[in-house]
Amino acid sequence: MKRISILLACLGSIVLLASCGGPGKSAHDTGDTLRPLYEARYAERFELLTDDGGPVLRVRNPWQGADSVVYDYRLVSDTAAVLRTGEIRYPIRKAVCMSSTHVAFLDAVGAVGVVKGVSGLDFITNPAVHAADVKEVGYDNNLNYEMIVALQPDVVFIYGLTGENSAVAKLQQLGVPVVYISDYLENDPLGRAEWIVPFGLLAGRMEDAVAQFMHTENEYNSLGERVAGSVDERPEVMLNSPYKDVWYLPGDRSYMVRLLEDAGGDYLGKGEDTDVSRPVSAEKALVLMARADYWLNPGRARDMSQLRADNRRFATLPVVQKGKVYNNNARITPMGGSDFWESGAVRPDVVLSDMVRILHPDLLPEHELYYFRKLE
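What counts as what
- Residues numbered from 1 in each chain as written.
- Predicted model: local features only at pLDDT ≥ 70, side-chain atom pairs only at ≥ 80, totals over all residues.
- Heavy atoms only, no water.
- Core = buried A, V, L, I, M, F, W, Y, C linked by side-chain atoms within 4.5 Å.
- Buried < 20%, exposed > 50% of the residue type's maximum accessible area, 1.4 Å probe, protein only.
- Contact = heavy atoms within 4.5 Å.
- Helix = DSSP H or I, 4+ residues; strand = E, 2+ residues; numbered from the N terminus.
- Polar contact = N/O pair within 3.5 Å; in protein donor to acceptor, adjacent residues only side chain to side chain.
- Pairing = 2+ DSSP bridges.
- Axes fitted to C-alpha atoms, helices over the stretch in contact; angles between N-to-C directions.
- Parallel < 35°, antiparallel > 145°, perpendicular 65-115°, else oblique.
- 1 Å grid on protein atoms, 1.4 Å probe; cavity = no way out; pocket = protein on both sides within 12 Å on 5 of 7 lines; lining within 4 Å.
- Points joined across faces, edges and corners; volume = space filled by probe spheres on them.
- Nonpolar A, V, L, I, M, F, W, Y, C, P; charged D, E, K, R; others polar.
- Salt bridge = Lys/Arg side-chain N within 4 Å of Asp/Glu carboxyl O.
- Left-handed = near helix turned anticlockwise from the far one by under 90°.
- Arc of directions from axis to C-beta.

*Asks:* Hey, could you go over the nonpolar core for me, with residue numbers and the actual values?
*Replies:* Counting residues in each nonpolar core, the largest one holds 113 residues, and the members touching the most others are Phe 157, Met 238, Trp 247 and Trp 295. Once you skip the residues sitting within four places of it in the chain, Phe 157 turns out to touch Ile 92, Ala 95, Val 96, Cys 97, Met 98, His 102, Leu 106, Val 179, Ile 181, Phe 199 and Leu 202.

*Asks:* Which residues make up the side chain of Thr 125, and what values do they have?
*Replies:* Turning to its location among the elements, Thr 125 is positioned in the loop between strand E7 (115-118) and helix H3 (127-131). Among the polar contacts listed, one links the side chain of Thr 125 to the side chain of Asp 339, at a separation of 3.0 Å.

*Asks:* Outline the sheet that holds E7, supporting the account with residue identities and numerical values.
*Replies:* Spatial ordering of the open sheet is given by E8-E7-E6-E11-E12, a layout of 5 strands whose pairing is parallel. Because the sheet does not close on itself, it has two edges, and the strands there are strand E8 (135-136) and strand E12 (178-180).

*Asks:* Run through the packing of helix H8 (residues 206-230) against helix H9 (residues 255-262), naming residues and quoting values.
*Replies:* The geometry of H8 relative to H9 is characterised by a closest axis approach of 9 Å and an angle of 55 degrees between their N-to-C directions. With respect to H9, the axis of H8 lies oblique. Between H8 and H9, the contacting residues are Tyr 220, Gly 224 and Val 227 on the first element and Arg 258, Leu 259 and Asp 262 on the second.

*Asks:* Residue-level account of H9, with values.
*Replies:* Summarising burial for H9: 6 of the 8 residues are buried, a large majority. Taken residue by residue, H9 has Tyr 255, Met 256, Val 257, Leu 259, Leu 260 and Asp 262 as its buried positions. Packed against the buried residues of H9 are helix H6 (189-193), H8, strand E13 (236-239), strand E16 (266-267), strand E18 (294-296) and helix H13 (348-359). Backbone geometry just after H9 places Gly 264 at a positive phi near 85 degrees.

*Asks:* Break down the sheet that holds E18 for me, citing the residues and quoting the values.
*Replies:* In spatial order, the strands read E16-E13-E18-E19-E20; together these 5 strands make up an open sheet with mixed pairing. Two strands bound the open sheet, and with one partner strand each, they are E16 and strand E20 (373-374). Direction of pairing for E18 relative to strand E19 (residues 325-327): parallel, over a ladder of 2 bridges. Across the sheet, Trp 295 pairs through a bridge with Val 325, a residue of E19. Sitting on the sheet, H9 touches E13, E16 and E18, and the angle it makes with E13 is about 160 degrees. Relative to E18, H13 is tilted by about 155 degrees, and along the sheet it contacts E13, E18 and E19.

*Asks:* Give me the lowdown on the environment of Gly 265, citing residues and values where you can.
*Replies:* Relative to the helices and strands, Gly 265 is located in the loop between H9 and E16. Beyond its immediate chain neighbours, meaning those up to four positions away, Gly 265 contacts Arg 234, Pro 235, Val 237, Leu 260 and Leu 359.

*Asks:* Talk me through the environment of Pro 334; I want residue IDs and the actual numbers.
*Replies:* Relative to the elements of secondary structure, Pro 334 occurs in the loop between E19 and H13. For Pro 334, a relative accessible area of 88% puts it in the exposed group.

*Asks:* How would you summarise the layout of surface pockets if you had to cite specific residues and measurements?
*Replies:* Summary: where empty space remains is shown by rolling a probe the size of a single water molecule over the atoms. Space inside the second largest pocket adds up to approximately 440 Å³. Together, 25 residues line the second largest pocket, and Leu 83, Asp 154, Gly 175, Val 176 and Pro 177 are the ones closest to its centre. Broken down by secondary-structure element, the contributors of at least two residues to the lining of the second largest pocket are strand E4 (70-77), strand E5 (87-90), helix H4 (145-151), helix H5 (167-173) and E12. Looking at side-chain class alone, the lining of the second largest pocket contains 14 nonpolar, 5 polar and 6 charged residues.

*Asks:* Got a sec to walk through the pattern of salt bridges? Specific residues and values, please.
*Replies:* Considering all chains together, one arrives at 14 salt bridges under this definition. With a shortest N-O distance of 2.8 Å, Arg 291 and Glu 236 are connected by a salt bridge. In this pair, Arg 291 sits in the loop between helix H10 (282-289) and E18 while Glu 236 sits in strand E13, placing the two residues 55 residues apart along the sequence. Residue Arg 291 is classed as partly exposed on the basis of its relative accessible area of 45%. Counted as one network, the salt bridges with shared partners bring together Asp 188, Arg 258 and Asp 262.

*Asks:* Can you tell me about the packing of H8 against H13, naming the residues and giving the values?
*Replies:* Each pair of packed helices can be described by the angle between their axes along with the distance between the axes. In contact at an axis separation of 8 Å, H8 and H13 are set at 25 degrees when each is read in the N-to-C sense. What the angle tells us is that H8 and H13 run roughly parallel. Considering only the axes of H8 and H13, their crossing is left-handed. Contacts between H8 and H13 involve Thr 216, Glu 219, Tyr 220, Leu 223, Gly 224 and Val 227 on the former and, on the latter, Pro 348, Asp 349, Leu 352, Ser 353 and Val 356. Across the contact of H8 with H13, the residue classes tally to 6 nonpolar, 3 polar and 2 charged.

*Asks:* So, the environment of Pro 91: which residues are in play, and what are the values?
*Replies:* Locating Pro 91 in the fold gives a position in the loop between E5 and strand E6 (95-97). For Pro 91, the residues in contact, after removing those within four places along its chain, are Asp 78, Leu 202, Ala 203 and Gly 204.

*Asks:* I'd like a description of H10, backed by residues and values.
*Replies:* When H10 is considered as a whole, its buried residues turn out to be Ala 282, Ala 285, Leu 286, Leu 288 and Met 289. One side of H10 holds all its buried residues, which, seen down the axis, span an arc of 155 degrees. Turned more than 90 degrees away from the buried face of H10 sit Lys 284 and Val 287, all of them exposed. Taken together, the buried residues of H10 touch E13, strand E14 (242-243), strand E15 (246-249), strand E17 (278-281), E18 and helix H12 (318-321).

This is how it looks when you write it as structure tokens:
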């Protein structure tokens, strides 16, 4: 706790000394007087800025392939009578979340109670959401706009995939404030987790959010350094499973590969300097699989019998015969929603501990798997 206090004090000094670039494309003209409120240490897709008008959340390139796309969101008092485009009342009291990670970040800062609507309620693992009267607002092009308007949210947290989300214009026409969240595009596990800070700001709990992130950072980096200094041999690891005879392998700069490397593993599908997954034939992937010491994230399989039933060729793989198969579905909903992709985004230190326990069990003999489970 003392270390966190010191870091927070240092952070404040850095904020006062730093400078900021231009706004680019903005949801609201914030002018040229902005200065940093918080400087991200790992995240590349957000900035927190401020001036005499108050805080500004700047979101950069919020969908895959976006280039020089910037949205600025001005945070204004929750008592403001009228909002201009790009203004968000805060601390937020009611929110709609289009991704389960948005729920996880709000929960992490003690503000899950502001969640009034979600997309994909059956896929949310957070028990507090199911205990409350949280509404299902629909998906993608089938959003229930009437429901969203009736909820009167201070903000709808939304994301883009390959372009601007078509729901944004419609929501803005209806007078509903929208904020892009691009946490899922952060390839550094700590960069993804650092999105807790803008959520903390929006919830009026930024100091707590920064302290939590610094704790996560310390835990993650300490374990990563321990692995780097202790591991002489890195086991070869295969990721994912085929879908309709096509195996999608993550690129070398992807989130999962970064976690795997930090956990002391050697990725069998490496060789593409990208963060985009690429399709390869099941036959080619199975050739790689023949070398695997471990297999992680094999689709939706809950046990070995299901894995073998999915593809009869799996039964002959050495990694399967040795029982070295682990899936990240230890915590799922009946419909298949996975907490790995929900709260795991906020707690990469726990994810890393799981992976180290799997690949190098002698380093963490007391750790009990949280997100992962061994297939029996």
